[in-house]
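# Summary of the model geometry
If you want the building blocks of each chain, they are given just below.
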Amino acid sequence: MSITVRIVDGPIGTDALASVEAASDGGCGARATFEGIVRRLEQGRAIRAIAYELYRPMTDHELIRLAQGAAVEFGLERIAVVHSAGRVPVGACSFRMVVEAPRRAAALDAMTHFIDRMKREVPIWKRIEWAE
Amino acid sequence: MPRQEGRPRSASSTTTEQARAERTLARVKVTVLLFGGAAEIAGSSSVRVEVEREPVAAVVLAALGRSVPALEPVLPSARLAVNHEFARPDQMIREGDEVALIALVSGG
């Protein structure tokens, strides 16, 4: 089982978890990747960016705890998450996650389960920068 | 009930003052860190609340509501973290602990 948690300042590049993906040995039949993108509209109003406030090191500890729990519960071989801290403009990536499991259902279910719990339990706050 | 008959009046008064002083000494100030919307509501990134010595987390949370009434709506779904870990309501908070209010709003 491999667990990776990273925090990066600002937007997340497409290669943020490249080393994790390259490390796959083909033992799993499913790899699910998810990217959270800052959307243009929030509650019907245009925004310019979102600033993410983290309470570190608690944020890191809680992400690791959730990842460990998901890996055990869903039988994952690999789980890697990266989250932004600070300002991320509209259209940019603020969260990326990769999971690998022997089969598809476990990988997809684990991803939804992890993100739902992250939003409830991990100390990350969003401050919206409105366009107007 | 012990009899206090015959005790000089001044001694009784001193005892009352001592008890009051002990109660005062038994109270401490706990700094609670605030983030996100809670910090915006309070207009500060931390609040100091006065509570009994060695309080449990639930007591500090209640004191926070009394100190900043505008925070009360978010407190039922909020939790305290002590030294970067979620605290149980009955967990004792000791001097030097880092205490933070974790009030999250799902979304995004």
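Conventions we followed
Residues numbered from 1 in each chain as written. Chains lettered and ligands numbered in written order. Predicted model: local features only at pLDDT ≥ 70, side-chain atom pairs only at ≥ 80, totals over all residues. Helix = DSSP H or I, 4+ residues; strand = E, 2+ residues; numbered from the N terminus. Buried ≥ 20, exposed ≤ 12 C-beta atoms within 10 Å, placed from the backbone. Contact = placed C-beta atoms within 7 Å. Nonpolar A, V, L, I, M, F, W, Y, C, P; charged D, E, K, R; others polar. Pairing = 2+ DSSP bridges. Core = buried A, V, L, I, M, F, W, Y, C linked by C-beta atoms within 7 Å.

## Some remarks on the overall build of chain A
A tally of helices and strands in chain A yields 3 helices and 7 strands. Counting only C-alpha atoms and orienting by the principal axes, one finds that chain A spans roughly 50 × 25 × 25 Å. Every one of the 132 residues in chain A was classed for burial, and the buried ones make up 31%. Taking all contacts inside chain A whose residues are at least 6 apart in sequence as the whole, residues at least 24 apart take part in 82%.

## With respect to the overall build of chain B
Counting its regular elements, chain B contains 3 helices and 5 strands. Taken from N to C terminus, the helices and strands of chain B fall in the order α-β-α-β-α-β-β-β. Per-residue burial over chain B gives 24% buried out of 108 residues. A sequence separation of at least 24 residues applies to 47% of the contacts in chain B between residues at least 6 apart.

## A short note on the interface of chain B and chain A
Chain B puts 9 residues into the contact, and the matching count from chain A is 10 residues. Taken together, the residues of the side of chain B that touches chain A sort by class into 5 nonpolar, 4 polar and no charged.

## Topic: the sheet that holds strand β1 (residues 27-33) of chain B
Spatially, β2-β1-β5-β3-β4 (chain B) is the arrangement adopted by the 5 strands of the open sheet, whose pairing is mixed. Of all the strands in the sheet, just β2 (46-52) and β4 (85-86) of chain B have a single pairing partner and so form its edges.

## Details of the pairing of strand β5 (residues 78-89) of chain A
All names here are of chain A. Strand direction decides the pairing type here: strand β1 (residues 2-9) and β5, joined by 8 bridges, are parallel. From the neighbouring strand, serine 2 faces β5, where its bridge partner is arginine 78. In the sheet, strand β4 (residues 45-54) pairs with β5 via 4 bridges, with the strands oriented antiparallel. Counterpart to alanine 49 in the pairing with β5 is proline 89. Bridging between β5 and strand β6 (residues 93-101) involves 6 bridges; their strand directions are antiparallel.

## Looking at the nonpolar core
The tendency in soluble globular proteins is for nonpolar side chains to be buried side by side. Core analysis: the biggest nonpolar cluster contains 31 residues, and Ala70, Leu76, Ile79, Met97, Val99 and Ala110 of chain A have the highest contact counts within it. In this structure, isoleucine 79 of chain A is in contact with Ile3, Ala67, Ala70, Ala71 and Val99 of chain A, ignoring residues within four places of it in sequence. If you look at the next biggest cluster of nonpolar residues, it comprises 25 residues, including Ala38, Val47, Ala103 and Leu104 of chain B.

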